[in-house]
Amino acid sequence: MKITNFVIAFVIILLPLLYVNNHKVNTQRLTSELELRYNAAVDTAVNDAARALKINIKTNNEVQYESSKNVYVNVSEGIKAFWNTMYLNFESQNDKVMQGVLKQYVPAVAVIGYDGYNVYVMEKHKNSANESETKHLLQPKKPYSYTDKDLNSISFTLDDFVTVFDNSTKTWHHGRRGEVAAECPTIPLLQDSDLFESVRRSVIVNAIQEDLQHFINSHNEHAKRLGISYTFTLPTISQEEWNNSIDDVGVMAFVQGLPVGNTTYNHYALGGSRLIKKHNIKGAINLKSGIKYYFRDTSDEFMNNPNYEIQETFGSEKEAAAAGYFPVQEQNLSMK
């Protein structure tokens, strides 16, 4: 056989293998890029939700004790902001069908308040026509409650303020741990600051964790009826992340089972008052040049510029750059 025949045979055998391998590499690359964009979308939605918790809050609702963490949160505004940003970044803000599909992959959103928490989850209920339907509903607020072996009841907060029912005297007490400890000398937990802090964190984390576990597991029943075969579970979250999540009022959200290439997308995001102070990064397209730029949402020069159409919201400049946007300040200002 001539050498040319060997070459032709080799090429015929090799080409399909190269094609398959190249296809797999490209699929993996596109999947990774899409996952990064989804991460940015979910993280930004949670940050926007955390920022919105303080919208239209009446300051006269504050308790008599001062605390930087004692913030009455507007839960409905937080949930609204979360979905608005999710719809925008998943390009479904004007598509009710796609919005409904996206919601099926969000098994739970939790709003962590100063003295209790709410979860926003899928649940059956009767609509105005008395028909049974399943949709996301906000559950009633649950306090961070604890009862010791002597039946003393303690309601914790995100700091050391407590509301205590002293079972031995049948009296109620409210204030900082140190103050209440002097009024309730028979309650051991109040006398030890280190033990108090350990139990306080444990009670808050366990309460939120158990509720999320329950509702995310229940979400599987709703998903099966919609033809989603993915099994929703509460992801493993490190103790450090749990502790960070209860340092301030904030929002936790879970997105699971969303089809991405040949795999499924899973992500959870935490956003609190530590993040509220950060500025969002807006990704916009210049309508004249067609080039994509990013800038801070505090930049009135660009936020209100009719030559720019905002496309996406990011949590950082790095995320915007990874999505193909350029820093506007480095561009030719004549392009404005």
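Note: the structure precedes this text.
Residues numbered from 1 in each chain as written. Predicted model: local features only at pLDDT ≥ 70, side-chain atom pairs only at ≥ 80, totals over all residues. Heavy atoms only, no water.

(A) The pattern of salt bridges, seen in detail. Considering all chains together, one arrives at seven salt bridges under this definition. Where Lys 141 meets Asp 115, a salt bridge forms, and the shortest distance between an N and an O atom there is 2.5 Å. Pair noted here: Lys 141 is in the loop between β3 (132–138) and β4 (142–147) and Asp 115 is in the loop between β1 (108–112) and β2 (116–126), with a separation of 26 residues, a long-range link. Overall, Lys 141 belongs to the partly exposed group, its relative accessible area being 45%. (Salt bridge = Lys/Arg side-chain N within 4 Å of Asp/Glu carboxyl O. Helix = DSSP H or I, 4+ residues; strand = E, 2+ residues; numbered from the N terminus. Buried < 20%, exposed > 50% of the residue type's maximum accessible area, 1.4 Å probe, protein only.)

(B) A look at the packing of aromatic side chains. Within this structure, the stated rule accounts for twelve aromatic pairs. An angle of 50° between the planes, with centres 5.1 Å apart, marks the rings of Phe 165 and Trp 172 as tilted. Judged by relative accessible area, Phe 165 falls into the buried class, the value being 17%. Trp 172 gets classed as exposed once you look at its relative accessible area, which sits at 59%. (Phe/Tyr/Trp six-rings, centres within 6.5 Å; stacked < 30°, edge-to-face > 60°.)

(C) Just empty space enclosed by the protein, in detail. Taken as a whole, this structure holds two cavities of 30 Å³ or more when the rule is applied. Within this model, the largest cavity holds a volume of roughly 70 Å³. Of all the secondary-structure elements, those providing two or more residues to the lining of the largest cavity are α7 (239–245), β8 (250–260) and β9 (263–272). Class assignment for the residues of the lining of the largest cavity results in five nonpolar, five polar and two charged. (1 Å grid on protein atoms, 1.4 Å probe; cavity = no way out; pocket = protein on both sides within 12 Å on 5 of 7 lines; lining within 4 Å. Points joined across faces, edges and corners; volume = space filled by probe spheres on them. Nonpolar A, V, L, I, M, F, W, Y, C, P; charged D, E, K, R; others polar.)

(D) Seen up close, the environment of Leu 258. Mapped onto the elements, Leu 258 comes out in strand β8. With 157 residues separating them along the chain, Leu 258 and Val 101 place their C-alpha atoms 9.7 Å apart. Those residues within four positions of Leu 258 in sequence are excluded, and the remaining contacts are Tyr 38, Phe 90, Tyr 105, Thr 263, Thr 264 and Tyr 265. (Contact = heavy atoms within 4.5 Å.)

(E) Quick peek at the sheet that holds strand β10 (residues 281–286). Read from one edge of the open sheet, four strands run β12-β10-β11-β13, paired in mixed fashion. In the strand order of this sheet, the two ends are held by β12 (308–314) and β13 (326–327), each with one partner. Note that β10 and strand β11 (residues 292–296) share five bridges and pair antiparallel. Bridging across to β11, Ile 281 finds its partner in Arg 296. (Pairing = 2+ DSSP bridges.)

(F) Layout of the packing of helix α2 (residues 75–89) against helix α3 (residues 96–103). The contact between α2 and α3 brings their axes to 11 Å, and the two run at 115°. Judged by the angle between their axes, α2 and α3 are roughly perpendicular. Considering how the two elements wind past one another, α2 and α3 form a crossing that is right-handed. Where α2 approaches α3, its residues Trp 83, Met 86 and Tyr 87 are matched on the opposing element by Gln 99, Leu 102 and Lys 103. For the contact of α2 with α3, the per-class residue count stands at four nonpolar, one polar and one charged. (Axes fitted to C-alpha atoms, helices over the stretch in contact; angles between N-to-C directions. Parallel < 35°, antiparallel > 145°, perpendicular 65-115°, else oblique. Left-handed = near helix turned anticlockwise from the far one by under 90°.)

(G) The pairing of strand β6 (residues 161–166), seen in detail. By the criterion of burial, β6 is predominantly enclosed, with five of the six residues buried. Bridge analysis of strand β5 (residues 153–156) against β6 gives three bridges, and the strand direction is antiparallel. The residue of β6 that forms the bridge with Ser 155 is Thr 163. What sits between β5 and β6 in their antiparallel hairpin is a turn of four residues.

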